[in-house]
Amino acid sequence: TATAPCNVQVTDRADANTETDLVLRPPVLALGIGCERNTDPEELRVLVLKTLRDANLSPNAVACVVSIDLKSNEPAVHALADELGRPARFFAAAALEAESPRLQTPSDIVFRETGCHGVCEGAALAAAGPGSQLIVAKTKSARATCAIARATGDIDAHTIGQPQGILN
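Since this is a predicted model, take the numbers as computed values, not measurements. (Residues numbered from 1 in each chain as written. Predicted model: local features only at pLDDT ≥ 70, side-chain atom pairs only at ≥ 80, totals over all residues. Heavy atoms only, no water.)

Considerations on the overall build of the protein
Put simply, the test is: Under the scheme used here, helices are H or I runs from DSSP no shorter than 4 residues and strands are E runs no shorter than 2 residues, and both carry numbers assigned from the N terminus. It is over C-alpha atoms that the radius of gyration is taken, and the globule rule equals 2.2 Å times the number of residues to the power 0.38. A simple rule labels every residue: compare its accessible area, found with a 1.4 Å probe on the protein chains alone, to the largest value its type can have, and call it buried under 20%, exposed over 50%, or partly exposed in between. The contact criterion used is simple: two residues touch if any of their non-hydrogen atoms lie within 4.5 Å. Calculation of accessible area relied on Shrake-Rupley with a 1.4 Å probe; when residues are assessed, cover is drawn exclusively from the protein chains displayed. Only four residue types enter the charge count: Lys and Arg as positive, Asp and Glu as negative, with His and the chain ends excluded. Where a charge sits is defined by one atom per residue type, namely NZ (Lys), CZ (Arg), CG (Asp) or CD (Glu).
In terms of helices and strands, the protein carries 5 helices and 7 strands. Starting at the N terminus, the α and β elements of the protein follow one another as β-β-β-α-β-α-β-α-α-α-β-β. Relative to the globule expectation of 15 Å for 168 residues, the C-alpha radius of gyration of the protein, 16 Å, shows essentially globular dimensions. C-alpha atoms of the protein, sized along the principal axes, occupy 65 × 30 × 30 Å. Within the protein, the fraction of its 168 residues that count as buried is 45%. If you take every contact in the protein between residues at least 6 apart in sequence, the share linking residues at least 24 apart comes to 62%. For the protein, the accessible area works out to roughly 8,400 Å², and carbon and sulfur atoms hold 52% of it. Taking the average location of the 15 positive side-chain charges in the protein and that of its 20 negative ones, the two points are 2 Å from each other.

Regarding the layout of surface pockets
Leftover empty space is mapped by rolling, across the atoms, a probe with the size of a water molecule. Rules: Note on definitions: the grid is 1 Å and covers protein atoms alone; a cavity is a set of points where a 1.4 Å probe fits but cannot get out; a pocket is an open set with protein on both sides within 12 Å along at least five of seven lines; lining residues have an atom within 4 Å of a point. Grid points are joined across faces, edges and corners, and a volume is the space filled by probe spheres set on the points.
Roughly 440 Å³ of internal volume is contained in the largest pocket. Gly34, Cys35, Val110, Glu113 and Thr145 are the residues nearest the centre of the largest pocket, which is lined by 23 residues in total. Of all elements in the fold, only strand E3 (29-35), helix H4 (108-114), strand E6 (133-140) and strand E7 (144-150) reach the threshold of two or more residues within the lining of the largest pocket. Here the lining of the largest pocket takes 4 residues from H4, the largest share from any one element.

With respect to helix H2 (residues 75-84)
Note: α-helices contain 3.6 residues per turn, so residues at a spacing of three or four share the same orientation. Listed in full, the buried residues belonging to H2 are Ala76, Val77, His78, Leu80, Ala81 and Leu84. The secondary structure elements touched by the buried residues of H2 are E3, helix H1 (41-54), strand E4 (62-68) and strand E5 (88-91).

A look at the pairing of E7
Filter applied, for reference: The pairing criterion for strands is at least two bridges between them, as found by DSSP.
The element E7 is extensively covered by neighbouring structure, given that 6 of its 7 residues are classed as buried. In this structure, E3 lies alongside E7, joined through 7 bridges in antiparallel fashion. Bridge pairing in E7 links glycine 32 to alanine 147. For E6 and E7, the ladder comprises 5 bridges, and the chain directions are antiparallel.

Brief notes about the nonpolar core
To keep things clear, this is the line we draw: Joining through side-chain atoms within 4.5 Å is the link that ties buried Ala, Val, Leu, Ile, Met, Phe, Trp, Tyr and Cys residues into a set, and such a set is a nonpolar core.
If you look at the biggest cluster of nonpolar residues, it comprises 25 residues, and the most contacted ones within it are Cys64, Val66, Phe91, Leu96, Ala127, Ile155 and Ile160. Elements supplying a minimum of two residues to this core: E4, helix H3 (93-97), helix H5 (120-128) and E7. Here this core takes 7 residues from H5, the largest share from any one element. Each residue touching valine 66, except ones within four places of it in the same chain, is listed here: Leu31, Gly32, Ile33, Arg89, Phe91, Ala123, Ala124, Ala127 and Ile160. Grouped together as the second largest cluster of nonpolar side chains are 24 residues, Val28, Leu29, Leu52 and Val62 included.

Section: the pattern of salt bridges
Cut-off, in case you're wondering: Any Lys or Arg side-chain nitrogen located within 4 Å of an Asp or Glu carboxyl oxygen qualifies as a salt bridge.
Under the definition given, this model contains 7 salt bridges. Here glutamate 99 makes a salt bridge to arginine 102, at a shortest N to O gap of 3.0 Å. Residue class for glutamate 99 comes out buried when judged on its relative accessible area of 14%. The exposure class assigned to arginine 102 is partly exposed, which follows from its relative accessible area of 30%. Here the residues in one salt-bridge network are Glu42, Arg45 and Glu83, joined through shared partners.

Things to note about H1
Worth spelling out the cut-off: A helix is expected to span 1.5 Å multiplied by its residue count minus one. What the arc describes is the spread of directions from the helix axis to the C-beta atoms.
An ideal rise of 1.5 Å per residue puts 20 Å on 14 residues; H1 measures up with 20 Å between its terminal C-alpha atoms. Those residues of H1 not exposed but buried are Leu44, Leu47, Val48, Thr51 and Leu52. Along the axis of H1, the buried residues cluster in a sector spanning 125 degrees; they form a single face. Exposed and facing more than 90 degrees away from the buried side of H1 are Arg53 and Asp54. Residues of H1 that are buried make contact with E3, E4, H2, E6 and E7. Two residues or fewer past H1, asparagine 56 is found with a positive phi of approximately 60 degrees.

And the structure:
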């Protein structure tokens with residue numbers, strides 16, 4: 001019997017043709033999160049899924065959920081990471097502040113509260129590493145923010161930032 005040709009796509013895009021092509025989604029997206037204390041996990045989930053959908057990005061290309069270490073015990077961040085099946089990783093304010101020249105929406109208010117000019121954008125960029133691009137700037141809901149950075153290669157989430165409960 002004859003078989004139809006199969007194309008192989010390597011992409012982080014959600015609109016890849018999965019009906020006739022083999023689609024591989026490398027872990028190249030870092031999902032940066034900021035939120036108020038005790039944000040409803042559903043609010044954060046809705047914000048992130050809408051942001052990914054609006055940007056035509058596949059959740060399967062998300063390598064990690066990242067934030068500032070002040071949020072390392074935030075239930076909404078961990079619920080989101082669990083739902084996506086990705087690790088949650090956290091950065092010190094100084095690491096996020098080092099990304100301030102690359103932020104699209106720096107905030108003096110955020111700096112006064114956290115010690116860095118941007119949590120979600122800074123975390124996404126820190127996780128995605130040098131040469132990465134912020135492809136979705138800070139997107140907001142009532143109590144949460146998210147941003148997405150694309151790395152130049154695969155992100156090994158277990159080698160960036162810190163997991164919950166580890167402080168340096």
